[in-house]
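# Descriptive analysis of the structure
Chain by chain, the residues run as shown.
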Amino acid sequence: MKKLDQWNGVAFLIISGIICWGSTRLPYGNVHNPGPGFLPFWLGVVMGLLSIALLIKTTFQTERVKMIRELFAKKIRWGKVFYVLAGLILYAFLMDYLGFLLITFLFIAFLTRFIDPQSWKKVIGWALGGSVGSYLIFEVWMKLRLPKGFFGI
Amino acid sequence: MEILQHLFYGFSVAFQPINLLFCFLGAVAGTLVGVLPGLGPTAAMAMLLPVTFGIPPTGAVIMLAGIYYGAQYGGSTTSILVNIPGEAASVVACLDGYQMARQGRAGPALGISAFGSFIAGTIGVLGLSLLASPLVEAALSFGPPEYFALMCLGLTVLTFLAHGSMLKALIMAVFGIFLGTVGIDPNTGVQRFTFGKLELMEGIGLVQIAMGMFGISEIFINVEKIVKVSVFEATIKGLFPNLQDWRKCIGAILRGTGIGFFLGILPGGGAIIASFASYAVEKRVSKYPEKFGRGVIEGVASPEAANNAAAQGAFIPMMTLGIPSNVVMALLLGALMIHGITPGPLLMTSHPDLFWGFITSMYLGNFMLLILNLPLIPMWVKFLKVPYPILFPFILLFCLIGVYTINNNVFDIYLMILFGVFGYLVRKLDFEAAPLILAVVLGPMMEKALRQSLTMSKGDFSIFFTRPIAGVLFGIAIFLLILPMISKVVKRDKIARLE
């Protein structure tokens, strides 16, 4: 089990199992008049079969295939990916409390400073311009209702 | 001359100032996203979908279409100048275009790509308006089994043309259909996989999925490595190709247009495949194939024409049958459905203003792009110089605002982030996102057609094979599914014989 697609097969086999299990709790109907559980169940079955086919095919494949360790061989900045993800989640989590203007300022400042660090002058400039600019475009001009937060902005 | 009447009517709609404005906005936005690497037409359309909710459907479609073909134009600019394709369909333009730029012929390369695109786009629109009416008539005889077969074929072709393993593309497609079943079942009102969440009752939104899988995950991919863009500092002079260039190119442009248009119509086809195919053909018919890849102008003209013609051709199955042939069309279909319009054979008669206005707007849009693109190239190049570390927070911000404003609900943001992570993972694991998105759109339609067919036939599956059109469509789909296996066996046979 060193090949990437073997693990892909297993992962989707598990997912298809969950789909089938979930579908059995819905009314299946019958083949004359399929119910809401009919299609999801068979989708799960088909996906499971495809996953098994992928697993078997990869296991017996003699040509060169991608190995699981190749995923980690390249130098990947996992930390930066995590920062972006954290930034996104925090944005969603805090926007109702801080309001659009403030959270957008912090968001842009955080990403420009901590992913590929820019000088503080640039960071503040882009964050200020970006937050105020997008506020003017989306809230004032297009009249979209953006969250207000504690300070009412 | 019914067709002229239709076109005339279409122009009267497209020339309305508000529609001209939407067309212009779409074309400019499209060129911009085409120029910016790491932001393809799919992500851009997903981002702008929420903006279109507030405008009339005709304007919305005109603008979204503008983004699509505008991106084809813009993408080639960066291919030629910096050897970085702004979007996938422009990869081929890098081969000879960048070489031409290095030999100091950036001007003619950009020029021929714009003119080639314009010629192809124009012929494409004409073909589209000619083919639309007969296809609509044929489509009116389609019943649920035919639709089901056609959608299966569309998905199969897309997986067949997927880059990597077909099995994996099929897994993505099936998973996409499954995602489409989430929400309240329209027939019975039963909740499916909603986990009791109010936000999931109406299903998982296409915008959330598309933005996550194309917008957010693209950023993850780019952020994980250090991106450095070096802009080719050539002075661009003489955008007009000379007479000799034209003589070489006119055949190439017409061939590219033909190939692109027909590949565009095919379900699952589209601009990317068209550009590769036309390059291959051009190389084969050329008297000097060995020079390709070293700066031959036909190598720019033909694929550029092809990807534009394909962009037009792809609208045909969408507008006449209501079946999107690729992801971009799926998003457009999603936009129409949000406006309460179901594209299909009835669209032409029920919303003639939308149908013909939209087709003719593409003609105007192509013209706008021609005058827009050539003089503005120096400005587009400036956009390229915005460093990615500053660009990407803004792309994320647009995604966040876009997805939030659909329902003014934070839940949609979490959903988008979730699909962003999912998209990132599956890309790392060498899956393709395109079949999944197409399946999400087709899924509910497929289920409806399947259930209706089975009710019609009282549970007999042979209905899909005994009705001639459905049978043929299914036959092709099954053939495509088996083809990779056969070709592998044949190849193995050959190798065995050689040994």
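Residues numbered from 1 in each chain as written. Chains lettered and ligands numbered in written order. Predicted model: local features only at pLDDT ≥ 70, side-chain atom pairs only at ≥ 80, totals over all residues.

Once that is clear, we can look at the overall build of chain A. Scanning chain A from terminus to terminus reveals six helices and two strands. Listed N to C, the secondary structure of chain A is α-β-β-α-α-α-α-α in terms of helices and strands. Here the C-alpha coordinates of chain A stretch approximately 60 × 50 × 25 Å along the principal axes. Across the 153 residues that make up chain A, the buried fraction comes to 31%. (Helix = DSSP H or I, 4+ residues; strand = E, 2+ residues; numbered from the N terminus. Buried ≥ 20, exposed ≤ 12 C-beta atoms within 10 Å, placed from the backbone.)

With that settled, the discussion passes to the confidence of the model for chain B. All names here are of chain B. Scored by pLDDT, chain B comes out at a mean of 82, with 92% of its residues at no less than 70. Taking the mean pLDDT of every element in chain B, the minimum, 77, falls on helix H21 (residues 468-498) and the maximum, 92, on helix H18 (residues 410-428). Across the whole predicted complex the pTM is 0.82, and at the interface the ipTM reaches 0.92. (pLDDT = per-residue confidence, 0-100.)

What follows covers the nonpolar core. One finds B:Leu64, B:Met151, B:Met211, B:Leu331, B:Leu332 and B:Ile437 to be the most contacted residues of the largest nonpolar core, which totals 210 residues. The two domains that each donate at least three residues to this core are domain 1 (4-73) and domain 2 (78-141) of chain A. Beyond its immediate chain neighbours, meaning those up to four positions away, B:Met151 contacts B:Ile323, B:Leu442, B:Met445, B:Met446 and B:Ala449. (Core = buried A, V, L, I, M, F, W, Y, C linked by C-beta atoms within 7 Å. Domains from an automatic or database assignment. Contact = placed C-beta atoms within 7 Å.)

Under the domain assignment, chain A is made up of domain 1 (4-73) and domain 2 (78-141). Computed from C-alpha coordinates alone, the two centres of domain 1 of chain A and domain 2 of chain A are separated by 39 Å.

Turning our attention to the interface of chain B and chain A. Taken together, the contact pairs 44 residues of chain B with 51 residues of chain A. Where the side of chain B that touches chain A is concerned, the elements lending two or more residues are helix H8 (166-181), helix H9 (206-223), helix H17 (388-407), H18 and helix H19 (434-456) of chain B. Here the side of chain B that touches chain A is composed, by residue class, of 28 nonpolar, six polar and 10 charged. (Nonpolar A, V, L, I, M, F, W, Y, C, P; charged D, E, K, R; others polar.)

On to helix H16 (residues 352-384) of chain B, then. Here H16(B) is 33 residues long, yet its end C-alpha atoms lie only 40 Å apart, well below the 48 Å a rise of 1.5 Å per residue gives. The largest bend along H16(B) measures about 70 degrees and falls at B:Ile377, with the proline B:Pro378 one to four residues further on. (Expected span 1.5 Å × (residues − 1). Bend = angle between axes of the 7 residues up to and from the residue.)

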